[in-house]
Amino acid sequence: MNNQKTFKILYYVAFAVTILIYFLSSQPITIFGSGMLIPLNFILGVICLIFVLIFTIKAKKKKLNNVNILFPISYLLFLIIVSIIAVLLNSKLIIPYIHYNYYISFILINYLLLNIYSVLSISK
Amino acid sequence: MKDSIKKILFIISIFYSLVVIVLMLVNSANMVTDIELYDTDENRVKLSEYKTQLSLLKQNDCTNVVNEMIEYYEQTSYNGKVNLKEMYNKNYGKSFLSFYMEVRNKCSLTDSFTEDNKLATKFLIEMMQSEELYQRYIFQYEIKIKDNFMRNIAEPDITRIEYKINKEVELEIISMLVDMLSKGGTINE
């Protein structure tokens, strides 16, 4: 399996896991919820989705140049570790679940970096 | 040019991931989950006296409400380590302020009595101090580089002071109401 194919597979796995984590973490707004983070996460999500669409459309016809499969792997590791810490923290917190929306923004920022990298890798 | 931007993005992502994970772990390790709160023996003795005084009066709706407030005081009178989550779950939405309208109606408190004794203010202070006890610990999950002194010494100290004020205000309110009832004040027949 060549580097390009592996990168694409890992990229879409990262996309699927990110979407799953995003929807699992979206809690109803509570009085203690940080209201500002919900629009921020939504905006980040939309931007990432646009990048995914651009990548999907362009990468069908063109090759990827010099892709490093460590990037999606490191992102997936980061996502898994952050999710595990967030789940373990849940029992310690006074009000459970409200921290998920906060931590998802860190995940989406890192995911945005991966998306920019992926789109830049598409050859002209 | 593109390749160098891609390398920079990868390095930034790795650095960012490490920083976020380390900060999350440090934050989690430094989280305050228990706090030591002490109500004084002097307060407990006074409360016991008010309870005795109240039991000697004719029982009615007003005395029942004051008894409920005394019961609430007793339930929130701590003498050692308290788990913040358990405290929050037990007392969420409760404070003396939740008794305010009942006290006003069942004890037929007049506006002048309420104003002269600044009753509304005292109930509000009590409610705010009750909320403050755990408010600062609710958002502990936020990644902030707080120094050890703030988290482990200063903030718990502030919480203990707020708790002390909270108990004193509660006792003052109970004392005022028992005193009013003892003088035959506004008893609801």
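Per chain, the residues get numbers from 1 upward, laid out in the order the sequence is written. The order in which chains are written sets their letters, starting at A; the order in which ligands are written sets their numbers, starting at 1. For a predicted model such as this one, the threshold for reporting local features is a pLDDT of at least 70, and the threshold for listing and counting side-chain atom pairs is 80 or more; totals across whole chains, interfaces and linings nevertheless cover every residue. To obtain the side-chain values, all non-hydrogen atoms of the structure were used and water was disregarded.

> Describe the overall build of chain B, naming the residues involved and giving the relevant values.
Each helix and strand counted, chain B has eight helices and two strands in total. Mapped from its N terminus to its C terminus, chain B presents α and β elements in the order α-β-α-α-β-α-α-α-α-α. Our radius of gyration is a C-alpha quantity, and the globule rule it is checked against amounts to 2.2 Å times the number of residues to the power 0.38. At 24 Å, chain B has a C-alpha radius of gyration far larger than the 16 Å of a compact globule built from 189 residues. Referenced to the eigenvectors of the C-alpha coordinate spread, the extents of chain B come out at roughly 90 × 30 × 25 Å. Working definition: helices are DSSP H or I runs of at least four residues, strands are E runs of at least two. Numbering for both runs from the N terminus.

> If you had to explain helix α3 (residues 61-75) of chain B to someone new, which residues and values would you point to?
Residues and elements named next belong to chain B. The span expected for a helix works out to 1.5 Å for each residue beyond the first. The end-to-end C-alpha distance of α3, which contains 15 residues, comes to 21 Å, matching closely the 21 Å that a straight helix rising 1.5 Å per residue would cover. Remark: exposure states derive from per-residue accessible area (1.4 Å probe, protein chains only) relative to the maximum for the residue type, with buried under 20%, exposed over 50%, and partly exposed in between. Those residues of α3 lying buried are Cys 62, Thr 63, Val 65, Val 66, Met 69, Ile 70, Tyr 72 and Tyr 73. We call two residues contacting when some pair of their heavy atoms lies within 4.5 Å. Where α3 is buried, its residues meet α2 (41-55), α5 (100-106), α7 (119-138) and α8 (148-182).

> Which residues make up helix α1 (residues 2-29) of chain B, and what values do they have?
With 28 residues, α1(B) extends 41 Å from end C-alpha to end C-alpha; this agrees with the ideal 40 Å at 1.5 Å per step. What α1(B) keeps buried is the set B:Lys6, B:Leu9, B:Phe10, B:Ser13, B:Tyr16, B:Ser17, B:Val20, B:Ile21, B:Met24, B:Asn27 and B:Ser28. Residues of α1(B) that are buried sit in contact with α3 (70-89) and α4 (100-120) of chain A together with α8 of chain B.

> Hey, could you go over the state of the cysteines for me, with residue numbers and the actual values?
Residue and element names in this part refer to chain B. Throughout, disulfides are identified as pairs of cysteine sulfur atoms within 2.5 Å of each other. By the definition in use, this model includes one disulfide over all chains. For Cys 62, the disulfide goes to Cys 107, at an S-S distance of 1.9 Å. On the sign convention where negative means left-handed, the S-S torsion of about 95 degrees between Cys 62 and Cys 107 marks this disulfide as right-handed. With Cys 62 in helix α3 and Cys 107 in the loop between α5 and α6 (111-116), this residue pair connects regions lying 45 residues apart in the sequence. According to the relative accessible area criterion, Cys 107 is buried, its value standing at 0%.

> Residues and numbers for the nonpolar core, please.
The criterion is simple. A nonpolar core is a set of buried Ala, Val, Leu, Ile, Met, Phe, Trp, Tyr and Cys residues joined through side-chain atoms within 4.5 Å. Judged by nonpolar contacts, the single largest core of 62 residues is most densely connected at A:Val82, A:Ile94, A:Tyr103, A:Ile107, B:Val20, B:Leu84 and B:Met87. Those elements that place two or more of their residues in this core are α1 (3-25), α2 (37-61), α3 and α4 of chain A together with α1, β1 (34-38), α4 (84-91) and α7 of chain B. With twelve residues, α4(A) is the largest single contributor of residues to this core. Among all residues touching A:Ile94, those that are not within four sequence positions of it are B:Leu84, B:Lys85, B:Tyr88, B:Tyr134, B:Tyr137 and B:Ile138.

> Tell me about the pairing of β1(B), and please be specific about residues and values.
Residue and element names in this part refer to chain B. Residue alternation in β1 divides its side chains into a buried set, Ile 35 and Leu 37, and an unburied set, Asp 34, Glu 36 and Tyr 38. When DSSP finds two or more bridges between two strands, those strands count as paired. Summarising the sheet, β1 and strand β2 (residues 79-83) pair through five bridges and their orientation is antiparallel. By the bridge assignment, Tyr 38 is partnered in β2 with Asn 79.

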